[in-house]
Structures are given as structure tokens and as C-alpha cells.
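The lines below spell out each chain.
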Amino acid sequence: MSTPSRIVAVLGPTNTGKTHYAIDRMLGHRTGIIGLPLRLLAREVYDKIVAIRGPSVVALVTGEERIVPPRTKYWVCTVEAMPEGMGADFVAVDEIQLCADPERGHVFTDRLLRSRGLLETIFMGAETMRGPIQALVPEAQFVRRERMSELVYGGSKKISRMPPRSAIVGFSVENVYAIAELLRRQKGGAAVVMGALSPRTRNAQVELYQNGEVDYLVATDAIGMGLNLDIDHVAFSSLTKFDGRRMRALAPNELAQIAGRAGRGMSHGSFGVTGEAPPLDEGMAQAIMEHRFTPLKKLNWRNAALRFGTVDALIHALEESPDNENLLKARPADDLNTLKTLSQIPEVMARASDGESVRLLWDVCRIPDFRGISHSEHANLLEVIFNYLHQNGALPDDWLARQIKRIDRTDGDIDALSKRLAYIRTWTYVAQRRGWVKDENHWRGETRAVEDRVSDALHERLTQRFVDRRTSVLLRRLKQKEALLAEVNDKGEVTVEGEFVGRLEGFRFSPDKSAQGAEAKALKSASLQALAPQFHLRADRFYNAPDTEIDYTEQGGLMWGEHAVGKLVAGAEPLKPMVEVFVDEAAGPDVAQKVQRRLQHFIDRKVAALFEPLTNLQRDEELSGLARGFAFRMVEALGILPRVAVAQEVKDLDQDARGALRKHGIRFGQFTIFMPLLLKPAPTRLRLVLWSLAQGLQEFPEAPPPGLVTVPAIKDAPQGYDTMSGYRDAGDRSIRIDMLERLADMLRSEDSRGGFEAKADMLSITGMTLEQFVELMQGLGYKAEKGERAKVKAAAETATSTVDATPEVDIAAQAEAPAETVAAEVAEAAAEPAPAEAASDAAEAPSDEAAAEMEVFYTFTWGRVNRPANRGPRRDQTDGARPQGKGKPRGKGQQDGGRGKPQGKKGGRPQQGAKTFSSRPTRPEKKIDPDNPFAAALMGLKDGK
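A quick note: this is a predicted structure, and the numbers were derived from the prediction, not measured.

(A) Up close: the overall build of the protein. Helix and strand counts for the protein come out as 32 helices and 34 strands. Looking at the protein as a whole, 49% of its 945 residues are labelled buried. Put simply, of all contacts in the protein between residues at least 6 apart along the chain, 71% involve residues at least 24 apart. Of the accessible surface of the protein, which amounts to about 45,400 Å², a share of 50% is contributed by carbon and sulfur atoms.

Laid out in C-alpha cells, this is it:
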């Protein structure tokens, strides 16, 4: 005697373990079938049973996937794909409340009415199904299961304040993507789960969430159908959805089905709203928490007793109405609408002329519209498939291969890959139908392989777009309070836990600029914590680095290789600058102090090396009195003083004091007092930086290029810049101060009253053409009168002939000479009695003027009426021997420092007073000090008298 079949309805809210209970009951029987509402959930249950019993006895059958081992005992299926007439011992249908769903309800109702296990049948679902089940299956027993954890309403929260382990629910693809993008920027990323995803993509996305790579999940209402995830909070971004026909508000029981995903096992959960969704009213929130909903009264139904004699008979059977008050005729589904469309095509009707052909047509019409393009396009595709199947018995391999090949691509964005995934699902479904393809194993494998490739590509794109791996990894490790591992390569690129986070530039961390907002803050916080050991290692390496690895910029920056590690700031004295370091606060005070000490050592040594003459002068204890005071002025002026600024102090110095200062390399020039060694490029560059610091300049002027005798004058330069750079302004150009002194020596022997022409030596030391020299002389205060004359042949040229071509200049020799500028006073210093009368016109013009070659010459005369305020020193104020111009005696006015105009041989004003002579014996000449750095030059002048 057979045991009667037991029918049990296990009802209750989510998180009651109903599905787990059904799996346990099925495995207690020899054979069993379980129907699940989603392909994703079917895959999850299949994997769970395989882990218990092994793959050899478990089958997975969905519309697009069919895994059926030869010794199958347990069938895991979607509700639509549940096999009929197998006589399994156990049958279960999950989420039975979907009998009321407008689109798929009739399928669940059919399983409620007709699917039975030989020994046991279980229906799992919500408590709202108690009435309909009791009315339609009176023999059913009821088991109520209570929720294992509490579910509470958390109100409204901004997405930026969403707690970790939250699922945010959207009801459109666009909404899901927008929320996921926002979470990526603010929280490091989110996993995306939608019913349209393949199981492979969905599982990969869920794994991101489950293993903690991301703390947020963005999903459609698909997660409400039994997907078991570790969710603590569910937030609704909307309370309405498009149900395929219209926008409608979600019912409380629908919200509860989704909200119930929060909390798992004994862990409590919460739910709420976010975004533009309004807060739930108190009554609805309370109903969801207490699982109190309006009971269902009518279930969707469609006739399952189909008649395949003709297409019209089939349509008529599908449109029959139920005769039970608990059942409601389902609205026309996609398969029925497609059948009606194809029935209007003569060729299709001609082929569907017998029962077998009508059954084939109906099977084709049941192919789901995965693509979702339009009803007409879907019907056109099914027409082609039906014609091929009816004519050939199977789809042509070459035609099917072309359809699949167009889809087998992994390029493109998320939308393109999602469309390809939807398209391949059509061919995956077709390949799963028995007899529709010639080589079923080949095409099932081929479509599955394409689906897997597209699924993997889609998962990769979703992750790239919606998951910032580095931020999520860092936040997770920070949350776990684990030590973060940071690495810095030789390019300064910082990786934390293998993720690029930015660059370490010296001792300052520069986060990756692609991070913004909250993401950037989290990134920097985690990175600086991980970089703490790296800061100390780098500080140790920097402290032991040689000075050759450190340098300063012309703006006062301090560089370690390519990276700025500090800057110079003004100290108490110009030669004692201080250091301000660039070190992140997160590096700690120890690192900052170590960097500061190393930079201070560097700049102190640099100043000591480049300004050694000044430091020696400063430390000379033998200097006293006026000499010591003058030495202080030189140190304060960084080795260069315009003579006019210290004219009285220089006059007060006796010869012993001057000699003591000369021993330190100080040169008392006509217009500048300077130390030649400090005019070299390196000291000049540092002097400008130190001077700019002392002056408090915001932007430091740069040093002139090394090796040039003259450079363009900078109009808007700070006052004193030309002196500090080793030059002196003369009109539109500036001339090196050492070359200015040499030029002044030459001009002193010329007749600046009567006029003189430029000598080759004058052009040579300035490195100028005659025209350029004219501009320079005009800048110094001279007038230049242009003239032309017959060019004198080389053999006839005298020492007074001018040079009208650029002379050869020894740049190396110029570079060695210290630099100074001529000023307007050169003329007056040069206005001493000129040498014997210069040859007026040494070369006469040839008799044949037409054939004579003409040349341009300039005559220079002093152009100022009065001496300028910053006039240069008189002859008696200069040091060293001066050329006396053919031995002509000096006038009294010149000897006593009178302010007469420059005196030349011609055109000069007669001297005032009578000349006096003396019969006293000549005074013995004072011996030249051999320690004088100009001793050799003085001896040469003496010998040439």
C-alpha cells in the first residue's frame, strides 16, 4: 500500500530558513525537484547541493543552462524549467507568493495546482499565501516559521552616510549605475547585482561584496528572491517601479520581501530609504517590521490544458478563463502575444498545419525576449527560427555560427557588453532545446563559452567603473586595524597593499589626482599611515646623502634630486640663512628635525665654501679701527660695494688699513669696491639668493648667464640688482664691473674734451661691435658723433685708427676677469690730460675719391655739464698707479680734488693761477708692497715710465 503524498506549505517572512529547510528535506529522499524563481538563485542552490552530494547526481536546468549528469537524482531548476511527469519523490516550489505576479504568476499557480512529489511536496513563501493555498489545495498542511532576527526601520539616510554592509536597491539600470558611481567616489566602490546578469557575472560581483573588497551592494529587486548575502541594511532609492506596462507604487509586502534581505541568521537587520525616496509612513514601516500584510485573494492563472490541433485552437485554449473564484485570468504574456503575431503571417500558418507543427510553433514562441528591443523584432527572429526548424528539422550550423560570431566580442563599455550578454542568452536558450541544433554538445559549449567570455568582460568593466580597488582595500585594512604595507619605487610611486595611491615627492605625499572628495581624503589618510616607516627610512637616507645630491634654486628652494625638500628663509645675517622644510605632518617631528638639520648643514657649508674670502675677512682678528668697520660693511654687502656709497670711509682709510684689506682680496676700483673671487658664477648665483632673502623679495631675480661681458639691462629689476649680479647698468645694457674698471683705465688716457675714437682694446674687452660700443658709451654719458672718411690701408694705419669690426674676444679670459660696470663718471675720470696730440688724420684720402673705400667712425666727447650725484672717485681717490698721459704735469685743481671738468689736451679750459716750480730734490719713491695683488701691474707701469 503506497504512502499518501504529503503537501506542506512552509510560510513566513524572509530569513526564516525556508529554502534551507526544503533542501534538507529533498536530500532526505531518493529523488527530488526544486523550482526556484531566479536563474541566479537556482545556480546558488545547485552549488550548495553539489558541495554536499557531488556533481554526478545533481542537475541544473534553466532556460539557458542545462547540466544533467547520467545518474541525476536531484533537479535544481527555475520554476518555468521544472520537468513534468518524472515522478520524483520530492517536489518543492520556492517563493510561491509569486502566483500573484502579473507577468509570471500563472506559471507558479500551475505548479501550485499540478506539481506533486510522490512522497512529499513543499511550497515555500509568504504568509499572505495561506488563504489561496487553503482554498486551492485543501489537503495542504501549514508550517509557520518565524524570522530568526529582528528587522527595524532606520529612516532616511544620505548615500554618503550609508553604513557599511548595506544594499541600496534601485528599480532601473540607470538608477543602479548612478548609485554605484556615487558610491565609488564616496565609499570606494560597490558591487552590482541585477537579474539580467549572467550567473557568472553575478557571482563575481557578489564575491567582491562577500569577501569585503567593497562594503556596498547596489541591486535591483532581484535580491529579494532568496539570494543569501551578508547584508546589514537595505535602503530603497525609490518606492515605485515600472512593471512592464506602467509605473506603480511598490506594495508593502514587496518592500518587505526586499527589506528582509537585511540580517542573516541571528544577526539583526535594518531598512530605510535614501536618495529621492520619501520616508516610509509609520504604518507601512510598522507593518514591514511586524510582517503584517494584506492576504492575497486571487492568483493569476492560465490554462495548462492546451490543444495543438490548430493555431487558433491553441490561442483559444490559452485565452480561456478560470472557473474558480480564487483564480484570475492572467494578462496575455509575451509568448501568447508572439503567437498571435506569427499567426498573421501566411507562411507560418501554412507550415503550422498539423499538431506537431503547432506544438513546434508554440515552443518557439516561448523563447523569452532576452534582448528586449521590440515585440516586432523579437517576432521576426522567432519566425526565422521556426521556418528553419520546420523545414530542416534543425537550425543551419553556418547561420547559427554567424549569429554567435557577431556577439563573440569583449570590447566596448558596460551597455554594449550587457546587450551582447542578452543576445547570447537567446542562443543559449535555443541550444538547450532538444533537437533544435544538429550538434547539441558543440553548440551548448559554444554558447556557454561566449556567455562566459562576455560575462567576464562585463564583470571587469563593472569593477573598473564602480569599484576603486585601492580605496576599498585601504579602507578595509584600516577598518580591520591592520598594518598597511607601503612600497616606494625609484620613481617615487607609492603603492599600498599593491595599489597605486600617489607619489612621494621628497618628504611630501602627493595623492593620485584622479581621487576626489571623500575618496581622496580616505586615500590620503590610509596612505600617510602606511608611509610612516617610509618617511623614516627616507629621512635616514637623506641625512647621509652627500652634498652633491642637494642643491638650491635661484628662487631659494632646496632640492634633493628632483624633489623640493625645503626653502631658504632670511636669517639674522645675510650670510646665515635659515631653512624651512617641506615635510608632511604625518611624517612626525623626528623626520622634520632630521631633514632640517641636514639642510642647514648643507647651506652653511655652501656659504662657507663660496664666500670663504668674506668669512676669512669677518674672522680676521688683526683688523682694527676703520679697517674692521669697513670689513663689516663688505660682509654686509656680500662682497660688492658701489664706491659712491662708501666714498668717505674709503678716503678715511690709511695705506696700512687698505693694505690689510687688500690682503683679503679686496680691490678698490674707481667705481666699485669688490672681491674678484666673489664675481664668479657660483658665488654670484648664491649672492643673489641671499640678497633677495635679506631684501624680503617675493620673486628672486636670476643671475645673468656666465661668461658675458655685457648683458641687457633689466628695466624693472629691484634697486641694487645690477651690483649684486656683478654688473653695472649703462643705458640699455649692463657691463661687468671688472671690465668697467679696465675700460675706465683706457678712457682716462683719452681726450674727452676734444674727442677721441674707440681703440681696438676697448672693443675687445667689451666684446662689442663699434655700433654696440657707441650705445654703451652713450649709456655711460658720452656723446657720439658719427663721421665718414676714406679707409686707410693696413700698412698706413696708425695707433689712432678705429676698428669697425667685431674683434676676436677671448671668452675664457673674460670669464676669469671679475665683472663691473662703467657709469657716467668714467668720462670725468678719463678727462685727465691726454697723451701727446693724437694723429689728427693719420691717413689721407686717396686722390681718386671715387675709388676710395669709405669707413664709418665715431668721435666720443663727454656729454654731461655737471658731475652726477653718484660721480666716481677723483684721481687722488683711486688706488694704484694711473697712466699720466705723455708725462704732462697735473694742474693744481686736479691735485687738490677740485671739481673741474675733465681736462684734455685740446679744448680744455686754461688752468687758474700761475704754475709753481720747486728746486727741492726729488722725494724717494715708496717701495711697492710685494704682497699687493697688483704688484706686478704696478711694477710694469713703473718700468714703462
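Now, onward.
(B) Representation of the environment of Leu 136 in the model. Among the structural elements, Leu 136 can be located in helix 4 (residues 130–136). In this structure, the C-alpha to C-alpha distance between Leu 136 and Thr 109, residues 27 residues apart in sequence, is 9.9 Å. Once you skip the residues sitting within four places of it in the chain, Leu 136 turns out to touch Leu 112, Leu 113, Leu 299, Asn 324, Asn 326 and Leu 327.

(C) Main features of the pattern of salt bridges. All chains considered together, the criterion is met by 50 salt bridges. Note that Asp 547 is salt-bridged to Arg 598, the shortest N-O span being 2.6 Å. You can see Asp 547 sitting in the loop between helix 18 (517–543) and strand 23 (550–552) and its partner Arg 598 sitting in helix 19 (residues 589–610), a full 51 residues away along the chain. Relative accessible area serves as the criterion here: at 26%, Asp 547 is assigned to the partly exposed category. Take Arg 598: its relative accessible area is 4%, and that puts it in the buried class. Linking Arg 789 and Glu 757 is a salt bridge whose minimum nitrogen-to-oxygen distance equals 2.8 Å.

(D) The arrangement of the pairing of strand 16 (residues 269–273) in detail. By the criterion of burial, strand 16 is predominantly enclosed, with five of the five residues buried. Residues Gly 269, Phe 271 and Val 273 line one face of strand 16 and the alternating positions Ser 270 and Gly 272 line the opposite face, and both faces are buried. Summarising the sheet, strand 9 (residues 151–156) and strand 16 pair through four bridges and their orientation is parallel. Among the inter-strand pairings, Val 152 is bridged to a residue of strand 16, identified as Ser 270. Inspection of the sheet shows strand 13 (residues 233–236) paired to strand 16 by four bridges, in the parallel sense. Each bridged residue has a counterpart across the sheet, and for Val 234 the counterpart in strand 16 is Phe 271.

(E) Main features of the packing of helix 12 (residues 355–365) against helix 13 (residues 375–392). It is at 10 Å that the axes of helix 12 and helix 13 come closest, and there the two elements cross at 145°. The crossing of helix 12 and helix 13 is right-handed. Taking contact as the criterion, the partners of Ser 357, Leu 360, Leu 361, Val 364 and Cys 365 in helix 12 are, on helix 13, Leu 382, Ile 385, Phe 386, Leu 389 and His 390. For the contact of helix 12 with helix 13, a count of residues per class yields eight nonpolar, two polar and no charged.

(F) Inspection of helix 2 (residues 39–53) at higher detail. Taking 1.5 Å per residue as the helical rise, helix 2 with its 15 residues ought to reach 21 Å, and the 21 Å between its terminal C-alpha atoms agrees with that figure. For helix 2, the complete set of buried residues consists of Arg 39, Leu 40, Leu 41, Ala 42, Arg 43, Glu 44, Val 45, Tyr 46 and Ile 49. Trailing helix 2 by a residue or two, Gly 54 shows a phi angle of about 90°, which is positive.

(G) Up close: the environment of Val 689. As for its placement among the helices and strands, Val 689 is situated in helix 24 (residues 681–695). Note on Val 689: relative accessible area 1%, which makes it buried. Along the sequence, Val 689 and Gly 556 sit 133 residues apart, while their C-alpha atoms lie 6.0 Å from each other. Filtering out sequence-adjacent residues up to four positions away, Val 689 remains in contact with Tyr 552, Thr 553, Glu 554, Gly 556, Leu 568 and Phe 700.

(H) A look at helix 7 (residues 252–259). Looking at helix 7, one finds that the buried residues are Leu 255, Ala 256, Gln 257, Ile 258 and Ala 259. The secondary structure elements touched by the buried residues of helix 7 are strand 9, strand 10 (166–169), strand 13, strand 16 and helix 8 (282–290).

(I) The sheet that holds strand 29 (residues 672–674), seen in detail. Strand order in the open sheet formed by three strands is 27-29-28, and the pairing between neighbours is antiparallel. Sheet topology places strand 27 (640–642) and strand 28 (667–668) at the edges, where each strand pairs with a single neighbour. Where strand 28 and strand 29 come together, two bridges link them in antiparallel fashion. Note that in strand 29 the partner of Arg 667 across the bridge is Phe 674. Against the sheet, helix 21 (residues 625–636) touches strand 27, strand 28 and strand 29, its axis set at about 105° to strand 27.

(J) Structural context of the side chain of Thr 684. Summarising the element assignment, Thr 684 is placed in helix 24. Residue class for Thr 684 comes out buried when judged on its relative accessible area of 6%.

(K) Focus on the packing of helix 14 (residues 397–407) against helix 15 (residues 414–432). Axis separation between helix 14 and helix 15 bottoms out at 9 Å; the angle between their running directions is 160°. Taken together, helix 14 and helix 15 sit at an angle that is classed as roughly antiparallel. In this structure, helix 14 crosses over helix 15, and the sense of that crossing is left-handed. Mapping the contact onto sequence places Trp 399, Leu 400, Gln 403, Ile 404 and Ile 407 in helix 14 and Arg 420, Tyr 423, Ile 424 and Trp 427 in helix 15. Grouping the amino acids of the contact of helix 14 with helix 15 by side-chain chemistry returns seven nonpolar, one polar and one charged.

(L) Spotlight on the sheet that holds strand 23. Read from one edge of the open sheet, four strands run 23-24-25-26, paired in antiparallel fashion. The open sheet has two edge strands with one neighbour each: strand 23 and strand 26 (578–581). Each adjacent strand pair in this sheet contributes to an overall mean axis angle of 30°, direction not counted. Pairing between strand 23 and strand 24 (residues 557–560): three bridges, direction antiparallel. Looking at strand 24, one finds that Tyr 552 is bridged to Leu 558. Where helix 19 meets the sheet, it contacts strand 23, strand 24, strand 25 (563–569) and strand 26, and its direction lies at approximately 145° from that of strand 26. Relative to the sheet, helix 24 contacts strand 23 and strand 25, its axis offset from that of strand 23 by approximately 60°.

(M) Representation of the side chain of Glu 120 in the model. You can see Glu 120 is positioned in strand 7 (residues 120–125). Of note is the side chain of Glu 120, whose polar atom sits 2.8 Å from the side chain of His 29. Each residue touching Glu 120, except ones within four places of it in the same chain, is listed here: Ser 5, Arg 6, Arg 25, His 29, Asp 89, Phe 90 and Val 91.

(N) Quick peek at the packing of aromatic side chains. Applying the stated criterion across every chain yields a total of 13 aromatic pairs. Ring geometry for Phe 507 against Phe 542: centres 5.7 Å apart, planes inclined by 70°, an arrangement best described as edge-to-face. Residue Phe 507 is found in the loop between strand 21 (499–505) and strand 22 (508–511), and its partner Phe 542 is found in helix 18; the two are separated by 35 residues along the sequence. Classification of Phe 542 as buried rests on a relative accessible area of 0%. Following the ring pairs from residue to residue traces out a cluster consisting of Phe 756, Phe 773, Tyr 782, Phe 860 and Trp 862. Its end group placed over the ring of Phe 668, Arg 658 keeps NZ or CZ at 5.7 Å from the ring centre.

(O) Quick look at the nonpolar core. Counting residues in each nonpolar core, the largest one holds 64 residues, and the members touching the most others are Phe 507, Leu 617, Phe 630, Leu 661 and Ile 673. In this structure, Leu 617 is in contact with Leu 623, Ala 631, Met 634, Val 635, Leu 661, His 664 and Ile 666, ignoring residues within four places of it in sequence. With 61 residues, the next largest nonpolar core counts Val 348, Cys 365, Leu 421 and Leu 458 among its residues.

Criteria and thresholds
- Residues numbered from 1 in each chain as written.
- Predicted model: local features only at pLDDT ≥ 70, side-chain atom pairs only at ≥ 80, totals over all residues.
- Heavy atoms only, no water.
- Helix = DSSP H or I, 4+ residues; strand = E, 2+ residues; numbered from the N terminus.
- Buried < 20%, exposed > 50% of the residue type's maximum accessible area, 1.4 Å probe, protein only.
- Contact = heavy atoms within 4.5 Å.
- Areas by Shrake-Rupley, 256 points an atom, 1.4 Å probe, with all protein chains shown as cover.
- Salt bridge = Lys/Arg side-chain N within 4 Å of Asp/Glu carboxyl O.
- Pairing = 2+ DSSP bridges.
- Axes fitted to C-alpha atoms, helices over the stretch in contact; angles between N-to-C directions.
- Left-handed = near helix turned anticlockwise from the far one by under 90°.
- Nonpolar A, V, L, I, M, F, W, Y, C, P; charged D, E, K, R; others polar.
- Expected span 1.5 Å × (residues − 1).
- Parallel < 35°, antiparallel > 145°, perpendicular 65-115°, else oblique.
- Polar contact = N/O pair within 3.5 Å; in protein donor to acceptor, adjacent residues only side chain to side chain.
- Phe/Tyr/Trp six-rings, centres within 6.5 Å; stacked < 30°, edge-to-face > 60°.
- Lys NZ or Arg CZ within 6 Å of the ring centre and 35° of its normal.
- Core = buried A, V, L, I, M, F, W, Y, C linked by side-chain atoms within 4.5 Å.

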